[in-house]
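Descriptive structure summary
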Amino acid sequence: MNEVFSTVHPRKINDAMRALLGFTGKRQVDFETFRNNLPMGRRSRVAQRKAADLVIQQVKRKLAKPSYLDLAERYGRSLLVVGMPLWFATRPDNLGRPQNAVDDFMTRTSLELEAIQRDELAKRGGR
């Protein structure tokens with residue numbers, strides 16, 4: 001499974017999405033009950049950092065796969081699509097707070113993705 005979720009087990013999310021789409025399976029899930037029980041508030045700083053780190057780790061894992069190395073040469077420049085766990089992600093209350101780079105999901109993820117982009121471009125000679 002490539003999905004990364006930090007507040008709900010991926011199996012529960014997959015089961016709920018299957019129920020929403022009308023697929024039946026071994027585990028029957030009532031989507032409305034699932035949705036109503038999701039933690040929708042702003043997550044703690046620790047939880048935001050954990051979620052950001054999980055997303056960044058997954059992006060790095062994908063980019064390290066040998067199958068990704070020659071995609072640009074074979075197909076031209078393209079995009080790596082990353083789904084984000086955004087149901088709790090909000091902009092920080094104080095945009096100028098330096099600690100956001102460490103413990104705010106949106107800020108930490110954005111900064112890390114920019115760093116990954118720079119590193120990947122540098123590895124490939126700016127292509």
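Bear in mind the structure is a predicted one, so any value in this text is a computation, not a measurement. (Residues numbered from 1 in each chain as written. Predicted model: local features only at pLDDT ≥ 70, side-chain atom pairs only at ≥ 80, totals over all residues. Heavy atoms only, no water.)

1. Some remarks on the overall build of the chain
The secondary structure content of the chain amounts to seven helices and zero strands. Helices (α) and strands (β) of the chain occur, in sequence order from the N terminus, as α-α-α-α-α-α-α. Taking all 127 residues of the chain together, 24% fall into the buried category. In the chain, of all internal contacts separated by at least 6 residues, the share reaching a separation of at least 24 is 59%. For the chain, the accessible area works out to roughly 9100 Å², and carbon and sulfur atoms hold 55% of it. (Helix = DSSP H or I, 4+ residues; strand = E, 2+ residues; numbered from the N terminus. Buried < 20%, exposed > 50% of the residue type's maximum accessible area, 1.4 Å probe, protein only. Contact = heavy atoms within 4.5 Å. Areas by Shrake-Rupley, 256 points an atom, 1.4 Å probe, with all protein chains shown as cover.)

2. Some points on the pattern of salt bridges
Following the criterion strictly, the structure yields six salt bridges and no others. A salt bridge links R97 to D103, with the shortest nitrogen-to-oxygen separation between them at 2.9 Å. According to the relative accessible area criterion, R97 is partly exposed, its value standing at 23%. Because the salt bridges share partners, they merge into one network encompassing R45, R97, D103 and D104. (Salt bridge = Lys/Arg side-chain N within 4 Å of Asp/Glu carboxyl O.)

3. Considerations on the packing of aromatic side chains
Taken as a whole and judged by the stated rule, the model has one aromatic pair. Each ring, one from F31 and one from F34, has its centre 6.2 Å from the other, and the planes form 40°; the classification is tilted. Residue F31 and its partner F34 are located together in helix α2 (residues 31–36), separated by three residues, close to a single helical turn. Each member of the pair, F31 as well as F34, carries the same accessibility label: buried. (Phe/Tyr/Trp six-rings, centres within 6.5 Å; stacked < 30°, edge-to-face > 60°.)

4. Re the side chain of D104
Note on placement: D104 falls in the loop between α6 (100–103) and α7 (105–123). When sequence neighbours within four positions are dropped, the list of residues in contact with D104 reads R45, Q48, T90 and P92.

5. A look at helix α1 (residues 10–20)
Looking at α1, one finds that the buried residues are P10, I13, D15 and A16. Here the buried face of α1 lies against α2. Once α1 ends, the next one or two residues include G22, with phi positive near 90°.

6. Brief notes about the environment of R42
You can see R42 is positioned in the loop between α2 and α3 (45–64). Along the primary structure R42 and T90 are separated by 48 residues, whereas in three dimensions their C-alpha atoms are 7.3 Å apart.

7. What to know about the nonpolar core
V8, I13, A16, F31, F34 and L38 together form the largest nonpolar core, which totals six residues. Where this core is concerned, the elements lending two or more residues are α1 and α2. Beyond its immediate sequence surroundings of up to four residues, F31 is in contact with A16, M17 and L20. (Core = buried A, V, L, I, M, F, W, Y, C linked by side-chain atoms within 4.5 Å.)

8. Focus on the packing of α3 against α7
When two helices pack together, you describe them by how their axes are tilted relative to each other and by the distance separating the axes. Remark: α3 packs on α7, axes separated minimally by 9 Å, with the N-to-C direction vectors making an angle of 20°. Here α7 runs roughly parallel to α3, going by the angle between their axes. As for the relative orientation of α3 and α7, their crossing is right-handed in sense. Residues Q48, R49, A51, A52, D53, V55, I56, V59, K60 and L63 of α3 lie in contact with α7, whose contacting residues are F105, R108, T109, E112, L113, I116 and E120. Residue composition of the contact of α3 with α7, grouped by class: nine nonpolar, two polar and six charged. (Axes fitted to C-alpha atoms, helices over the stretch in contact; angles between N-to-C directions. Parallel < 35°, antiparallel > 145°, perpendicular 65-115°, else oblique. Left-handed = near helix turned anticlockwise from the far one by under 90°. Nonpolar A, V, L, I, M, F, W, Y, C, P; charged D, E, K, R; others polar.)

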